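A structural walkthrough
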Amino acid sequence: MSISKLVILGGEKEFNERKFCGQLNFPEWEDYIASMRGIFEREYYTNNGPLVRELERKLSYFHNTKNIITVTNKSIAFLIALEVLNIKSKIIISPFSELDLTLSILRAGAKPVYCDINYKTLHIDECLLSDFNKEDFSAIIALNSFGDCANINKINNWAIKANKTILWDSSKSNGSKFNNKILGANGSLEIFSMDSGNIINCFDGAYITTNDDHLAEKMRNIRSSYGVQKVIKVDRTVNGRLSEFQAAIALSTLKNFENYKCRNQEQRKIYLENLKNIIGIKMQKTYSCSNTNNQDLIIRIDEKEFGLKKNIFIDLLKMENVFTKNPLKDFEFIKKKLIKNNNLTDLRNTNLLTQEILQLPIGSSVNKFDIERICLLIRNIQLNSEVIRRKYYNY
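Residues numbered from 1 in each chain as written. Predicted model: local features only at pLDDT ≥ 70, side-chain atom pairs only at ≥ 80, totals over all residues. Heavy atoms only, no water.

Scanning all chains against the criterion turns up 20 salt bridges. Residues glutamate 372 and lysine 368 are paired through a salt bridge, measuring 2.7 Å at the closest nitrogen-oxygen approach. In this pair, glutamate 372 and lysine 368 are both assigned in helix α13 (residues 368-383), four residues apart and thus about one turn of the helix distant. Connected via shared salt-bridge partners are Glu14, Lys19, Asp370 and Arg373. (Salt bridge = Lys/Arg side-chain N within 4 Å of Asp/Glu carboxyl O. Helix = DSSP H or I, 4+ residues; strand = E, 2+ residues; numbered from the N terminus.)

Put into structure tokens, the structure is as follows:
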């Protein structure tokens, strides 16, 4: 590729088809047809159907956890969790938490309070949690982000010592391991997403894991009367049932989990090899995770070394049909539009990282050759950053 091919300099798009972030895994066509045919033959579409029950059994085995409660989306999962734990006051969360968690907290009548992240690991800085000991808060929703893990033991131990409820948002870390133990049994409960960007997905869905039988039964009663094993009085209920169609997709992607994880690992190696000598670009490593699902690939951009701001770099790749993702986009929106008079401006590391990190495509939308071309695009952008910068502001 020559620099003349860059769209900003009058060339054609590098890719005819858009390359997106996210796993975007879809079942084999034959499996999909067979699953859909079975659903229509049974004429059973929702309300704790056979595929939903099978999915919950298999996820229980996968996570080595007693109870799995599947729900229609992640926002519903958070609302059920907050309701069942009766959390109504301040809650510590990570700046990398997504918008649906913040909205769910506000909807539940509680208030999110952000703990700054460790600049190196991108997880909540457990050393800063002691600053919250005097705060009037009741819980922490700790985040395992990007397929990686936070320092789960230290955060759990702090919560126990501080006598605070802890639950884990492992939305993007399905199948990842901490100390060689698969996630799913941490805190009072743990939440996993099954949206289209995740390695296990049903286009949009989620599930809650817990070893607490009483909590599990309360969540089943809140979710709906279908699937309840024991009737328990609850103050609120929600229509949060997973459909048979969603369960069919989830079962297929769960079956192929190891294949997807290996594919992600190979793609990550290709990125590492091709990005390692590009000035101003570094790939984010995993730190506390003993075995990651590799579903998200994060890079850091040093503006001074690379020669361009992150937002310009994102625009340049978008011109070439490479769609990156800003992991702190939701935080930036919350900071500007949603929450005022909070501690958002005090988050030094988070505010620094808003200018540095972004996510590159990994998963089913790219192959080995696509990744090599993306890396070559990045290399040529950096090598010609000065002329591109002048051109960009007149584009």
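Bringing α13 into the picture now. Its 16 residues place the ends of α13 23 Å apart at the C-alpha level, agreeing with the 22 Å of an ideal helix rising 1.5 Å per residue. Those residues of α13 not exposed but buried are Asp370, Ile371, Ile374, Cys375, Leu377, Ile378, Asn380, Ile381 and Gln382. (Expected span 1.5 Å × (residues − 1). Buried < 20%, exposed > 50% of the residue type's maximum accessible area, 1.4 Å probe, protein only.)

This paragraph deals with the sheet that holds strand β8 (residues 181-182). Ordered in space as β8-β7-β12, the three strands form an open sheet in which the pairing is antiparallel. Since the sheet does not close on itself, it has two edges, and those belong to β8 and β12 (289-291), each with one partner. Relative to β12, strand β7 (residues 177-178) runs antiparallel, the two sharing two bridges. Bridging across to β12, phenylalanine 178 finds its partner in cysteine 289. (Pairing = 2+ DSSP bridges.)

The strand order across the open sheet built from seven strands is β2-β10-β9-β6-β5-β3-β4, with neighbouring strands paired in mixed fashion. The open sheet terminates on both sides in strands that have one partner only, identified here as β2 (67-71) and β4 (111-114). Direction aside, the axes of adjacent strands within the sheet are offset by 25° on average. By the bridge criterion, four bridges tie strand β3 (residues 90-93) to strand β5 (residues 137-143) in an arrangement that is parallel. Within β5, the position partnered with isoleucine 93 by the bridge is isoleucine 141. Packing against the sheet, helix α3 (residues 74-84) makes contact with β2, β3, β5, β6 (165-169), β9 (190-193) and β10 (206-210), and its axis sits at approximately 170° to β9. Across the sheet, helix α5 (residues 152-162) lies against β3, β5 and β6, angled at about 155° from β6, the strand it touches most. (Axes fitted to C-alpha atoms, helices over the stretch in contact; angles between N-to-C directions. Contact = heavy atoms within 4.5 Å.)

Applying the stated rule across the entire model yields 14 aromatic pairs. Ring geometry for phenylalanine 26 and phenylalanine 203: centres 5.8 Å apart, planes at 10°, overall stacked. Of this pair, phenylalanine 26 sits in the loop between β1 (19-20) and α1 (29-42) while phenylalanine 203 sits in the loop between β9 and β10; the two residues are 177 residues apart in sequence, bridging distant segments of the chain. The rings of Phe26, Trp29, Tyr32 and Phe203 are connected pair by pair, giving a single aromatic cluster. (Phe/Tyr/Trp six-rings, centres within 6.5 Å; stacked < 30°, edge-to-face > 60°.)

Glancing now at α5. In an α-helix, one turn spans 3.6 residues; hence positions three or four apart end up facing the same way. Within the sequence span of α5, burial applies to Ile152, Ile155, Asn156, Trp158 and Ala159. When α5 is viewed along its axis, its buried side chains cluster within an angular range of 160° and face the same direction. In this structure, α5 carries Asn157, Ile160 and Lys161 as exposed residues pointing more than 90 degrees from its buried face. As for α5, its buried residues are in contact with β3, β5, β6 and β7. (Arc of directions from axis to C-beta.)

Before going further, it helps to spend a moment on a nonpolar patch on the surface. A cluster of nonpolar side chains, Leu103, Leu106, Phe333 and Leu338, forms an exposed patch at the surface whose accessible area comes to about 310 Å². Elements supplying a minimum of two residues to the nonpolar patch: α4 (99-107) and α11 (329-338). In this fold, leucine 106 is placed in helix α4. (Patch = residues over 30% accessible without salt bridge, like charges linked within 9 Å, V, L, I, M, F, W, Y side chains within 5 Å. Areas by Shrake-Rupley, 256 points an atom, 1.4 Å probe, with all protein chains shown as cover.)

Any link to function would need more than the numbers given here.
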